Amino acid sequence: MNRNHLIAAALLITVTVTASALAQTRPGTPTPRPATPQTPTASNAAIPNSRIAFVDTSMFGDEKNGITRYVNIGKALEREFQPSQTELVNMQTRLKAIADEINRLSANAVVDPKAVQAKRDEGGRLQRDLERKKEDYDARFEKRYQEVMGPLTAEIGKALDQFALQRGITMTLDISKMGPALLTAIPAMDVTQAFIAEFNSKNPAPRP
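As the structure is a computational prediction, the values presented were derived from the model and not from experiment.

1. Overview of the confidence of the model for the protein chain
Taken as a whole, the protein chain shows an average pLDDT of 82; of its residues, 76% reach a score of 70 or greater. Within the protein chain, the element-level pLDDT minimum falls on helix 1 (residues 3-25), averaging 36, and the maximum on helix 4 (residues 192-202), averaging 96. Of the regions scoring below 50 in pLDDT, residues 1-32 engages in 1 contact with residues more than four places distant in sequence or in other chains.

2. A closer look at helix 3 (residues 113-166)
Here helix 3 spans 74 Å end to end across 54 residues, near enough to the 80 Å set by a 1.5 Å rise per residue. Most pronounced at M149, the bend in helix 3 amounts to some 45 degrees, and the proline P151 follows within four residues. Every buried residue of helix 3 is accounted for by V116, K119, G123, L126, L130, Y137, M149, L152, I156, L160, F163 and A164. For helix 3, the secondary structure elements touched by its buried residues are strand 1 (52-55), helix 2 (68-107), strand 2 (171-174) and helix 4. Of the residues one or two after helix 3, G168 is the one with positive phi, at around 70 degrees.

3. Quick notes on the side chain of T192
Looking at the element boundaries, T192 is found in helix 4. Given a relative accessible area of 3%, T192 falls into the buried group. A polar contact is formed between the side chain of T192 and the backbone nitrogen of D56, at a distance of 2.7 Å. With near-sequence residues (within four places) excluded, T192 lies in contact with F54, V55, D56 and M59.

What counts and how
- Residues numbered from 1 in each chain as written.
- Predicted model: local features only at pLDDT ≥ 70, side-chain atom pairs only at ≥ 80, totals over all residues.
- Heavy atoms only, no water.
- pLDDT = per-residue confidence, 0-100.
- Helix = DSSP H or I, 4+ residues; strand = E, 2+ residues; numbered from the N terminus.
- Contact = heavy atoms within 4.5 Å.
- Expected span 1.5 Å × (residues − 1).
- Bend = angle between axes of the 7 residues up to and from the residue.
- Buried < 20%, exposed > 50% of the residue type's maximum accessible area, 1.4 Å probe, protein only.
- Polar contact = N/O pair within 3.5 Å; in protein donor to acceptor, adjacent residues only side chain to side chain.

Spelled out as structure tokens, the structure:
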């Protein structure tokens, strides 16, 4: 029994003892009758009509048919991080070249252990450096993505709520996240392009 139950039990005992004492000191006082428990009534709340629609959020970034502002921000991020991406690709290429060179040295009839070990050490250093730079790149990209794309995605979410409200849609599902869970759906349930067209018309992208 927890603390609240102990307190409630103590209060009940106190009230019972007090009522008994009053009945003894004041004859003729009627004994109070316990209240009759009320039977809960069944809820008659009406169930609203449901109308479900699908939206493919993966289309928001489509260069030809997507949300223009979304596409433009994606391109700007790509340009901003292109130098770092190129550096990582070059390091991966160099690491593969070192591995190929180690295999070539090991395949010789006369193997130079020092040369092989030197290449392995070089490859190990490059591998660690690559991993460090990759982690730094991922962290910087995620932070920058949230800074520039976060406000837009929030705006898109509000616009999607308004879009559904105006059309009597009670539930909107992201079809890109459902995968094999979606078995059948008529094309009319997909309102992706209708929403994108409306958002682009109401929220035109600024000129570069």
